[in-house]
Amino acid sequence: MLYVPAPQVLLNIHNVEVVIGIALTEESLHRRNISHFGPTTLRSTLCYGMLRLCKPQASDIILDPMCGTGAIPLEGAIEFNSSFYVAGDNYDMAVNRTVNNICHIQKRRADKGSAPGLPIDTVRWDLCNLPIRTSSVDIIITDMPFGKRMGSRKKNWDLYPSCLREMARVCRPGSGKAVLLTQDKKCFSKAISRMGGLWRKLHTVWVNVGGLHAGVYLLKRTGAVFGQTPEDVYESRGPVNAQGDEKDDKDDKELSEVTSGV
Ligand SMILES: C[S@@+](CC[C@H](N)C(=O)[O-])C[C@H]1O[C@@H](n2cnc3c(N)ncnc32)[C@H](O)[C@@H]1O
């Protein structure tokens, strides 16, 4: 049998950008945190890239309202541990998996003699009706149902607008951010364009998730007051373009720093 060694240096050239990756470990680190997997568990490497995009700061409150197995908030609680994470899902089994994954990491840390505590809480909730105060969250970071293995494309047409509105309610106007992953790009773009300027799309990073071409959307919560009608927003801020974009799509990137190792 022919043995093909894993590449040691990866060069990714995209337009004017070059990213060089160097293999530091023999094995991929994409499963580094998760012991209890679900049907759509995200790779830790992709979770890290998503977290890096939103630049967590000390004492930020970071929410994953559709946490599944908790891969994103767990990665955050380990790697960006001066922020505090709240992980929730409406599916009992998902919440249990998240709790088990957290306990597993805490035990691993205790066995190594390091402090076991992680800055993370887990809740069962419906994302469309979060038990969270208005304007109290700094960053929302989540992997939305693509409508393939999880949920359905048809349900996304109701789910996406409801969840973007509820996320806009809890996120701090003017400074809050969201990093959202989805493959259902059409539904997502339509939903954003109907948010009355509550969110502004800053840029999109294209990633490969299990062979599916998906977008990681970095959004900024504008200063628009939640609860105002789109007409009110137009009066106070002037028109926003249909996609809520700050810049053209030329800002969209295919960053290998996010996808590498995924
Ligand atoms: C794509 S999965 C997230 C996978 C997760 N990132 C992981 O690594 O395991 C989407 C999650 O959204 C949850 N979900 C769907 N509708 C929801 C709702 N209305 N409220 C809360 N969670 C919801 C599903 O139960 C599912 O766990």
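Counting starts from 1 at the beginning of each chain's written sequence and moves along it residue by residue. The predicted origin of the model limits local features to residues at a pLDDT of at least 70 and limits the giving and counting of side-chain atom pairs to 80 or more, whereas totals for whole chains, interfaces and linings rest on all residues. Excluded from the side-chain calculations are hydrogens and water; all other atoms, namely the structure's heavy atoms, are used.

In the nomenclature of an unreviewed UniProt entry, the chain is known as THUMP domain-containing protein 3 of Nibea albiflora.

### Describing the nonpolar core
For the purposes of this section, nonpolar cores are sets of buried Ala, Val, Leu, Ile, Met, Phe, Trp, Tyr and Cys residues that join through side-chain atoms within 4.5 Å. Only protein chains enter the calculation, and the probe is 1.4 Å; a residue is then buried if its accessible area is under 20% of its type maximum, exposed if over 50%, and partly exposed in between. In this structure, Leu42, Met50, Ile141 and Leu181 are the most contacted members of the largest nonpolar core, which totals 32 residues. At the level of secondary structure, the elements contributing two or more residues to this core comprise α1 (44-53), α2 (71-79), α3 (92-112), β6 (139-143), β7 (177-182), β8 (199-209) and β9 (212-221). Here, two residues are considered to be in contact whenever any of their heavy atoms come within 4.5 Å of each other. Discounting residues that sit within four places of it in the chain, Leu42 has contacts with Cys47, Met50, Ala71, Ile72, Asp143, Leu181 and Val209. One finds Leu127, Ile132, Cys163 and Trp206 within the second-largest nonpolar core, a separate group that totals 30 residues. Only DSSP runs of H or I covering at least 4 residues are called helices, and only runs of E covering at least 2 are called strands; the numbering of each starts at the N terminus.

### Quick notes on the confidence of the model for the chain
If pLDDT is low for a region, its predicted coordinates should not be looked at in detail. Here the chain shows a mean pLDDT of 87. Residues at 70 or above account for 84%. Across residues 254-262, confidence stays below pLDDT 50; counting only partners more than four residues off in sequence or on other chains, it has 27 contacts. Looking at any residue, its pLDDT shows the predictor's confidence there, from 0 to 100.

### Some details on the sheet that holds strand β5 (residues 120-124)
Two strands pair if DSSP finds at least two bridges between them. Strand order in this open sheet of seven strands is β5-β4-β3-β6-β7-β9-β8, and the pairing throughout is mixed. Each of the sheet's edge strands pairs with one partner strand only, and the pair in question is β5 and β8. For this sheet the average axis-to-axis angle between neighbouring strands, irrespective of direction, equals 15 degrees. Alignment of β7 against β9, held across six bridges, turns out to be antiparallel. Across the sheet, Lys177 pairs through a bridge with Lys220, a residue of β9. The axes used here are C-alpha line fits, helices contributing only the stretch in contact, and every angle between their N-to-C directions lies in the interval 0 to 180 degrees.

### Things to note about the site of the ligand
By nearness alone, 19 residues border the ligand, and Leu42, Thr69, Asp89, Asp126 and Leu127 come closest of all. Nitrogen and oxygen atoms within 3.5 Å of one another constitute a polar contact, given that in protein one can donate a hydrogen and the other can accept it, and given that sequence-neighbouring residues count only through two side-chain atoms. Asn90 has a polar backbone atom sitting 3.3 Å from a nitrogen atom of the ligand. Accessible surface is estimated by sampling points in the Shrake-Rupley manner with a 1.4 Å probe; for residues, cover comes only from the protein chains shown. Relative to its unbound accessible area of 600 Å², the ligand is 92% covered by the protein chains. Here the shell around the ligand is built from residues that sort into 11 nonpolar, five polar and three charged. Proximity criterion: a residue is near a molecule or strand once any of its heavy atoms comes within 4 Å of it. In this classification, Asp, Glu, Lys and Arg are treated as charged, Ala, Val, Leu, Ile, Met, Phe, Trp, Tyr, Cys and Pro as nonpolar, and every other residue, Gly included, as polar.

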